[in-house]
Amino acid sequence: MTDLPINSPVEEIFNPLFSSKGVQLFIKRDDMIHPFISGNKWRKLKYILLEAKKLQKKHLVTFGGAHSNHLIATACAAAKFGFNSTGIVRGENVENETLLLCRLFGMHLIFEDRESYRDKPALFKRQFGNDPEEFFIDEGGSGPLAATGCSELIDELTETYDHLFCAAGTGTTAAGILSGINRKSITTKMHVVPVLKGADFLKQVIDKLSNGASFEFHSQYHFGGYAKTSDELLNFIKNFTSSTGILIDPVYTGKLVFAIYDLISKDYFARGSRILAVHTGGITGILGMADRFKF
């Protein structure tokens, strides 16, 4: 069940800015775990899938928007590990590349209006009742099992870092990594870059899942909100990708890396600092913004 090459490599990124500020930047390449079950998507699904197997469930039901990386990852994982799958999609019935991939992996799609979508447990019960074969997976795979999977990232690190950065949508990945840091009793400082506007509520989510461990919260890099962007961010992504060969996206990893570069330029870090950024994968999300890029 867990035969994906989970131990992703760490790659150093070089830039004249880093040399001038006396810091080093590394990226944990979780995007290389799998083409579609990539990054934190696999880490979050790992123990969820094991729980579904243990309970002898046969049908995974989960939730997401029309460009959800989580839907693709769940569809692919279901196909790979012998489950059926259904994705309940927020909003009107549409067709796009993301949903095509979900269908190709065998996922059945149900489109629900945004009001009904808000109460996912009720929606699950209405659609599937008490069918013993169905297994509920929350949007983004969030929850304690997902956090446990994300915590294992820390066990893979073979070097020490002064700072570790992670983007946050639900807060589960950040909380899991933070728990891993505390479990290993290392001195690495955790930094969270929320990708949505008004994200202070994520502090409570992370606190709860990580048992109140301390972290830095950089809430100024949302670029207008979830899945919002700007020409400044898109140009940064183009420059970074073309100079490193590492693809980042406007929803999560682009905002994360932009934040780190900006903080370095503003002398946020002491000279000699070693910084690790977690590439949480999900780069198919860039397809939903293809028309925003200008070349």
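Note: the structure precedes this text.
These numbers come from a predicted model, not from an experiment.

Caption draft 1: Summary view of the pattern of salt bridges. One pass over the full model with this rule turns up 18 salt bridges. Here Glu-112 ties to Arg-126 by a salt bridge, and the two come within 3.3 Å at their closest N and O atoms. Highlighted residues: Glu-112 in strand β5 (residues 108-112) and Arg-126 in helix α6 (residues 120-128), separated in sequence by 14 residues. The structure contains a network of salt bridges with shared partners spanning Lys-28, Asp-30, Arg-43 and Glu-156.

Caption draft 2: Region of interest: empty space enclosed by the protein. Scanning the model with the defined rule gives one cavity of 30 Å³ or more in all. Every residue lining the largest cavity is listed: Pro-35, Phe-36, Ser-38, Asn-69, Ile-72, Gly-282, Ile-283 and Thr-284. Grouping the constituent residues of the lining of the largest cavity by class yields four nonpolar, four polar and no charged.

Caption draft 3: Broad picture of the nonpolar core. If you look at the biggest cluster of nonpolar residues, it comprises 58 residues, and the most contacted ones within it are Ile-177, Met-190 and Phe-240. Those elements giving two or more residues to this core turn out to be β2 (24-29), β7 (163-168), α8 (172-184), β8 (189-194), α9 (201-210), α10 (231-244), α11 (253-265) and β10 (274-279). Sort the elements by how many residues they give to this core and α11 lands first, with eight residues. Filtering out sequence-adjacent residues up to four positions away, Phe-240 remains in contact with Ile-13, Ile-27, Gly-245, Ile-246, Ile-248, Val-257 and Tyr-261. Judged by nonpolar contacts, the second largest core, of 17 residues, contains Leu-4, Ile-33, Ile-37 and Phe-81.

Caption draft 4: The arrangement of α6 in detail. Burial in α6 covers these residues: Lys-120, Leu-123, Phe-124 and Phe-128. Projection of α6 onto a plane perpendicular to its axis shows the buried side chains occupying an angular sector of 105°, all on one side. Exposed and facing more than 90 degrees away from the buried side of α6 are Pro-121, Lys-125 and Arg-126. Residues of α6 that are buried sit in contact with β3 (59-64), β4 (84-90), β5, α5 (114-117) and β6 (134-136). With a side-chain oxygen lying 3.2 Å from the backbone nitrogen of Ala-122, the N-terminal cap of α6 falls on Asp-119. A positive phi of about 60° marks Gly-129, the residue just after α6.

Caption draft 5: View of the pairing of β10. Most of β10 sits out of view: six of its six residues are buried. Residues Arg-274, Leu-276 and Val-278 point to one face of β10 and Ile-275, Ala-277 and His-279 to the other, with burial holding for every one of them. Inspection of the sheet shows β2 paired to β10 by six bridges, in the parallel sense. Across the sheet, the residue bridging to Gln-24 is Arg-274, located in β10.

Caption draft 6: Spotlight on the packing of aromatic side chains. In this structure the tally under the stated criterion is 19 aromatic pairs. Ring centres 5.7 Å apart and planes at 40° place the aromatic pair Phe-124 and Phe-128 in the tilted group. In this pair, Phe-124 and Phe-128 are both assigned in helix α6, four residues apart and thus about one turn of the helix distant. Each member of the pair, Phe-124 together with Phe-128, is buried. Residues Phe-165 and Phe-269 carry aromatic rings whose centres are separated by 5.9 Å and whose planes lie at 70° to one another, so their mutual orientation is edge-to-face. With Phe-165 in strand β7 and Phe-269 in the loop between α11 and β10, this pair connects stretches of sequence that are 104 residues apart. Aromatic rings pair up to connect Phe-18, Tyr-221, Phe-223, Phe-236, Phe-240, Phe-258 and Tyr-261 into one cluster. Across from the ring centre of Tyr-252, 5.7 Å away, lies the NZ or CZ of Lys-41, which sits over that ring. The cationic tip of Lys-53 hangs over the ring face of Phe-83; the distance from NZ or CZ to the ring centre is 4.9 Å.

Caption draft 7: Expanded view of the layout of surface pockets. There is about 1,100 Å³ of room inside the largest pocket. What lines the largest pocket is a set of 48 residues, among which Gly-65, Arg-90, Glu-139, Tyr-226 and Tyr-252 lie closest to the centre. Of all the elements in the fold, those that place two or more residues in the lining of the largest pocket are α2 (40-54), β3, α3 (69-81), β7, α8 and α9. Among the residues making up the lining of the largest pocket, the classes are represented as 15 nonpolar, 21 polar and 12 charged.

Caption draft 8: The arrangement of the sheet that holds strand β9 (residues 216-217) in detail. Read across the open sheet, the six strands follow the order β1-β2-β10-β7-β8-β9; overall the sheet is mixed. In the strand order of this sheet, the two ends are held by β1 (10-13) and β9, each with one partner. Relative to β8, β7 runs parallel, the two sharing six bridges. Bridge pairing in β8 places Phe-165 opposite His-191. Contacts from α8 reach β7, β8 and β10, with the element oriented near 180° to β8. Most of the contacts of α11 go to β10, to which it runs at about 165°, and overall it touches β1, β2, β7, β8 and β10.

The rules behind the values
- Residues numbered from 1 in each chain as written.
- Predicted model: local features only at pLDDT ≥ 70, side-chain atom pairs only at ≥ 80, totals over all residues.
- Heavy atoms only, no water.
- Salt bridge = Lys/Arg side-chain N within 4 Å of Asp/Glu carboxyl O.
- Helix = DSSP H or I, 4+ residues; strand = E, 2+ residues; numbered from the N terminus.
- 1 Å grid on protein atoms, 1.4 Å probe; cavity = no way out; pocket = protein on both sides within 12 Å on 5 of 7 lines; lining within 4 Å.
- Points joined across faces, edges and corners; volume = space filled by probe spheres on them.
- Nonpolar A, V, L, I, M, F, W, Y, C, P; charged D, E, K, R; others polar.
- Core = buried A, V, L, I, M, F, W, Y, C linked by side-chain atoms within 4.5 Å.
- Buried < 20%, exposed > 50% of the residue type's maximum accessible area, 1.4 Å probe, protein only.
- Contact = heavy atoms within 4.5 Å.
- Arc of directions from axis to C-beta.
- Polar contact = N/O pair within 3.5 Å; in protein donor to acceptor, adjacent residues only side chain to side chain.
- Pairing = 2+ DSSP bridges.
- Phe/Tyr/Trp six-rings, centres within 6.5 Å; stacked < 30°, edge-to-face > 60°.
- Lys NZ or Arg CZ within 6 Å of the ring centre and 35° of its normal.
- Axes fitted to C-alpha atoms, helices over the stretch in contact; angles between N-to-C directions.

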